[in-house]
Amino acid sequence: QVQLVESGGGLVQAGGSLRLSCAASGGSFSSYAMGWFRQAPGKEREFVAAITKSGSSTYYAESVQGRFTISRDNAKNTAYLQMNSLKPEDTAVYYCRVVAGGYDYWGQGTQVTVSS
């Protein structure tokens, strides 16, 4: 069973930056791809970014392309989401996700609030 714990959220002004972390335990971290999702109040959870198990390929939602960067450190069992040029519409709870062994694992989420 995989456990995921996000951290790094907070309150930031528009144009600012945050770096989120997702620490994984209980599995073989380097064996699975990882993704970041977010959910704003009253909206459905949406895809933000993903990275392959080796980190060689990354994928982004159009809304964050060029502003966010996903990365991972397999030696630390941790994935990151660097968020730059933040906008008020980026305000949401951010979750990391892993699909491993046919199961879907999610962290508890970390709140990101961007003030205008």
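Here's a quick rundown of the structure. (Residues numbered from 1 in each chain as written. Predicted model: local features only at pLDDT ≥ 70, side-chain atom pairs only at ≥ 80, totals over all residues. Heavy atoms only, no water.)

**Structural notes on the overall build of the protein**
Here comes step 1: Broken down by element type, the protein carries zero helices and 11 strands.
Here comes step 2: What you see for the protein is a C-alpha radius of gyration of 13 Å, in line with the 13 Å of a compact globule of 116 residues.
Here comes step 3: The principal-axis extent of the C-alpha atoms belonging to the protein is close to 40 × 25 × 20 Å.
Here comes step 4: For the protein, the proportion of its 116 residues judged to be buried stands at 41%.
Here comes step 5: Considering only residue pairs separated by 6 or more positions, the protein has 52% of its internal contacts joining residues 24 or more positions apart.
Here comes step 6: Summed over all atoms, the accessible surface of the protein reaches about 6000 Å², with 47% contributed by carbon and sulfur. (Helix = DSSP H or I, 4+ residues; strand = E, 2+ residues; numbered from the N terminus. Rg over C-alpha atoms; globule rule 2.2 N^0.38 Å. Buried < 20%, exposed > 50% of the residue type's maximum accessible area, 1.4 Å probe, protein only. Contact = heavy atoms within 4.5 Å. Areas by Shrake-Rupley, 256 points an atom, 1.4 Å probe, with all protein chains shown as cover.)

**A short note on the pattern of salt bridges**
Here comes step 1: Inspection of the entire model under this criterion finds four salt bridges.
Here comes step 2: Glu46 serves as the salt-bridge partner of Arg38, at 2.7 Å between the closest nitrogen and oxygen.
Here comes step 3: For Glu46, a relative accessible area of 37% translates into the label partly exposed. (Salt bridge = Lys/Arg side-chain N within 4 Å of Asp/Glu carboxyl O.)

**Quick word on the state of the cysteines**
Here comes step 1: Applying the stated rule across the entire model yields one disulfide.
Here comes step 2: Paired by a disulfide, Cys22 and Cys96 hold their sulfur atoms 2.0 Å apart. Disulfide Cys22-Cys96: torsion about the S-S bond near 65°, hence right-handed. Here Cys96 lies in strand 9 (residues 92-100) and Cys22 lies in strand 3 (residues 18-25), a separation of 74 residues in the sequence.
Here comes step 3: The class for Cys22 is buried, based on a relative accessible area of 0%.
Here comes step 4: A relative accessible area of 1% places Cys96 in the buried class. (Disulfide = S-S within 2.5 Å.)

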